[in-house]
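One letter stands for each residue in the lines below.
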Amino acid sequence: LRGLLIGGRVTALVFLFATEWEQSKFEFIFNRYRRLMLHKAYGILQDYALAEDAASEAFIRVYKNLHKIDDPQSPKCAAFVMTIVQNAALTMRRKQPLTEELDGGTGVSFDQEESIVSRLTADHIYRIVGRLSAELREVFLLRYAYDMPHKEIGRVLGVSENNVTVRLHRAKKKLQTLLREEGITDEP
């Protein structure tokens, strides 16, 4: 029995690994991403206890999908793990009664942010962001969905901070184009 400490609360989970490599891969992921996962879950749920539950659920899902992770240090792994915790938190949020409207606090700095966000559903936003190239989508999600600073994104992706800034600029320009194509904005 291996207890995982998430946010000060112990969640007892039993993990059986076929190889030592799988165990070390899982432990690396846990140690590297647990705080970020908890932060992401809290950002969605706005409740610390629920965020801990979502992070625990996410680690169970990571364990079940460990075979899909080749390199736990890769940006692909970071995005995969963060997507899992985001989905776990969103699932929990859907089960909770809706008490307030989304504030649109994604950090997207378009002039029409409030009107655009109010007209879009989460699924619509994910579909539009999903149309970005993998390179732009990855940096955009790490910045705005996971609230990572440019320097940290650069470290995770193995690129310079300036490169992160350039990619974010390109992602925003492409999103403006996609929003215009969808008829959501008429900004040039």
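Residues numbered from 1 in each chain as written. Predicted model: local features only at pLDDT ≥ 70, side-chain atom pairs only at ≥ 80, totals over all residues. Heavy atoms only, no water.

1. Description of the overall build of the protein chain
Spelled out, the test is: Runs of E in the DSSP output that reach at least two residues are strands. Runs of H or I that reach at least four are helices, and both are numbered from the N terminus. The buried label applies to any residue whose accessible area, calculated with a 1.4 Å probe on protein chains only, is under 20% of its type's maximum; exposed applies above 50%, and partly exposed to all values in between. A contact between two residues is defined here by any heavy atoms of the two lying within 4.5 Å.
Helix and strand content of the protein chain: eight helices and two strands. In the protein chain, the order of α-helices and β-strands from amino to carboxyl end is β-β-α-α-α-α-α-α-α-α. Residues classed as buried in the protein chain amount to 38% of the 188 residues present. Once local pairs closer than 6 in sequence are excluded, the contacts in the protein chain between residues at least 24 apart make up 68%.

2. Some remarks on the packing of helix α7 (residues 150-157) against helix α8 (residues 161-181)
Applied cut-off: Helix axes use the C-alpha atoms of the stretch in contact, all axes being lines fitted to C-alpha atoms, and the angles between their N-to-C directions lie in the range 0 to 180 degrees. Every angle not falling under 35 degrees, over 145, or within 65 to 115 is termed oblique; those three ranges are roughly parallel, roughly antiparallel and roughly perpendicular.
Relative orientation of the contacting elements α7 and α8 amounts to 100 degrees, with a least axis distance of 8 Å. Taken together, the axes of α7 and α8 lie roughly perpendicular to each other. Touching His150, Lys151, Ile153, Gly154 and Leu157 of α7 are Glu161, Val164, Thr165, Arg167 and Leu168, all from α8.

3. A few points about the pattern of salt bridges
Which entries qualify depends on this criterion: Any Lys or Arg side-chain nitrogen located within 4 Å of an Asp or Glu carboxyl oxygen qualifies as a salt bridge.
Under the definition given, this model contains four salt bridges. When the shortest N-O distance is used, the salt bridge between glutamate 135 and arginine 167 registers 3.6 Å. Note that glutamate 135 is positioned in helix α6 (residues 134-145) and arginine 167 in helix α8, a separation of 32 residues in sequence. The class of arginine 167 is buried, set by a relative accessible area of 12%. Among the ionic pairs, arginine 155 bridges to glutamate 152, the shortest N-O distance being 2.5 Å. Here the residue arginine 155 and the residue glutamate 152 both occupy positions in helix α7, the gap between them amounting to three residues, near one helical turn. For arginine 155, a relative accessible area of 47% translates into the label partly exposed.

4. A short note on the confidence of the model for the protein chain
Put simply, the test is: Across the chain, each position has a pLDDT score giving the predictor's confidence in that residue, from 0 to 100.
Averaged over all residues, the pLDDT of the protein chain is 77; the fraction at 70 or higher stands at 74%. Here residues 1-8 is modelled with pLDDT under 50, and outside its nearest four sequence neighbours on either side it reaches 29 contacts, counting other chains as well. Low pLDDT (under 50) marks residues 98-119, which in the prediction has 21 contacts with non-local residues, meaning those over four places away or in another chain.

5. Examining the packing of helix α1 (residues 20-45) against helix α2 (residues 48-64)
Selection rule: Put simply, a crossing is left-handed when the front helix is turned counterclockwise from the back one by less than a right angle, and right-handed when it is turned clockwise. Each residue gets one of three labels, nonpolar for Ala, Val, Leu, Ile, Met, Phe, Trp, Tyr, Cys and Pro, charged for Asp, Glu, Lys and Arg, and polar for the others, Gly among them.
Where α1 meets α2, the axes come as close as 8 Å, and the angle between the chain directions of the two elements is 140 degrees. Considering their axes alone, α1 and α2 lie oblique with respect to each other. At the point where α1 passes α2, the crossing takes the right-handed sense. Contacts between α1 and α2 involve Phe26, Ile29, Phe30, Arg34, Met37, Leu38, Ala41, Tyr42 and Leu45 from the former and Tyr48, Leu50, Ala51, Glu52, Ala54, Ala55, Ala58, Phe59, Val62 and Tyr63 from the latter. Among the residues forming the contact of α1 with α2, the class breakdown is 17 nonpolar, no polar and two charged.

6. Focus: the side chain of lysine 40
The residue lysine 40 is located in helix α1 in this model. Leaving out residues up to four positions away in the same chain, lysine 40 has contacts with Met82, Val85, Gln86, Ala145 and Tyr146.

7. Focus: helix α3 (residues 75-95)
Selection rule: Each residue after the first adds 1.5 Å to the expected span of a helix.
Look at α3: 30 Å from first C-alpha to last across 21 residues, which is about the 30 Å you get at 1.5 Å a residue. Of the positions making up α3, those classed as buried are Cys77, Ala78, Val81, Met82, Ile84, Val85, Gln86, Ala88, Ala89, Leu90 and Met92.

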